[in-house]
Amino acid sequence: MPATTEAGASAARTLVRGLTILEIVAEAPEGIGVTEVAARAEIDKGTVSRLLATLRQMSYVQQRSADRRFVLGSRCLWLAREYRSRRDELSSVAQPFLAELRDITQETVHLAILEESFVVFIAQEQPDRSIRVRSAVGSRLPMHRTAMGRAVLAALDTESRDQLIATLEADAVARQEPIDVAQLRADVDEAVERGWAAVDRHDDVTRLASAIVDADGRPIAAITLSGPDYRIEPEIDRLGLEVTRVARAVSDALGR
């Protein structure tokens, strides 16, 4: 193996170990010692001590003077605030558009952001109807199981789409979760043609989605309209176009 490749692999391994240690500290709000971190991470104590020292220097962890146990540091709070700020900015910009789509269609509307191979629901608008779709804000679903994921894939260029589908397949296999790649590709191809995506989850609910893109045209989020099959299916084309229109409006409002 060339020296540059070995150095890159070593740096990646160190990064993974550091993040693993940080997550272990995060899971112990009461504080945790070096020996316990090493045992949980299955990394030798000397390496853990060095990585914790680096994380402490960067303020990602702090060590209490009273018992020498580690807890999260202020830099983690800064990261969380930055993440929330960007998420809240998207929600704030999108909210009136989501409400408009809800009022026009009288169906449930969701907004989700992308996190690796998952979509995370961050906002919803529900109609005043006795039968409506419910979904808890904060829930996280694999992209391949959602209409949102298909909309995102449809908004990518061919090479990026193929790479992401390969990642989705590998992740699903790793989780021992079923994935029909052929059907996923067929759904995405259809979404490319008509501008909005749908998914059949065999639960009597129809979901229509369209991607929100940034100024460079890259998908960063998606909007989904959800309702019972008997209400959505007869008007699926019109509703799909409404979802697409609103997603484009949000993209424009974000400064596309």
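Scroll up a little and you will see the structure.
Considering unusual backbone geometry
Right, so step 1: Backbone geometry at Glu 42 places phi at a positive 60 degrees, although glycine is not the residue there.
Right, so step 2: A residue is classified by how much of its surface remains accessible, and Glu 42, at 73% relative accessible area, is exposed.
Right, so step 3: Positive phi, close to 55 degrees, is recorded for Gln 176, a residue that is not glycine.
Right, so step 4: For Gln 176, the position within the fold is in the loop between α6 (158-174) and α7 (181-194).
Right, so step 5: A relative accessible area of 75% means that Gln 176 is categorised as exposed.

Some remarks on the pattern of salt bridges
Right, so step 1: Applying the stated rule across the entire model yields 17 salt bridges.
Right, so step 2: One salt bridge in this structure joins Asp 214 and Arg 218, with 3.0 Å as the shortest N-O distance.
Right, so step 3: By relative accessible area, Asp 214 is classed as buried at 18%.
Right, so step 4: The salt bridge partner of Asp 216 is Arg 218, with a shortest N-O separation of 3.1 Å.
Right, so step 5: Through salt bridges with shared partners, one network takes in Glu 36, Arg 40 and Arg 69.

A closer look at the sheet that holds strand β4 (residues 118-125)
Right, so step 1: Strand order in this open sheet of six strands is β5-β4-β3-β8-β7-β6, and the pairing throughout is antiparallel. This sheet does not close on itself; its edge strands, each paired only once, are β5 (140-142) and β6 (197-199). Ignoring which end each strand starts from, the neighbouring axes of this sheet average 35 degrees apart.

Basis of the calculations
- Residues numbered from 1 in each chain as written.
- Predicted model: local features only at pLDDT ≥ 70, side-chain atom pairs only at ≥ 80, totals over all residues.
- Heavy atoms only, no water.
- Buried < 20%, exposed > 50% of the residue type's maximum accessible area, 1.4 Å probe, protein only.
- Helix = DSSP H or I, 4+ residues; strand = E, 2+ residues; numbered from the N terminus.
- Salt bridge = Lys/Arg side-chain N within 4 Å of Asp/Glu carboxyl O.
- Pairing = 2+ DSSP bridges.
- Axes fitted to C-alpha atoms, helices over the stretch in contact; angles between N-to-C directions.

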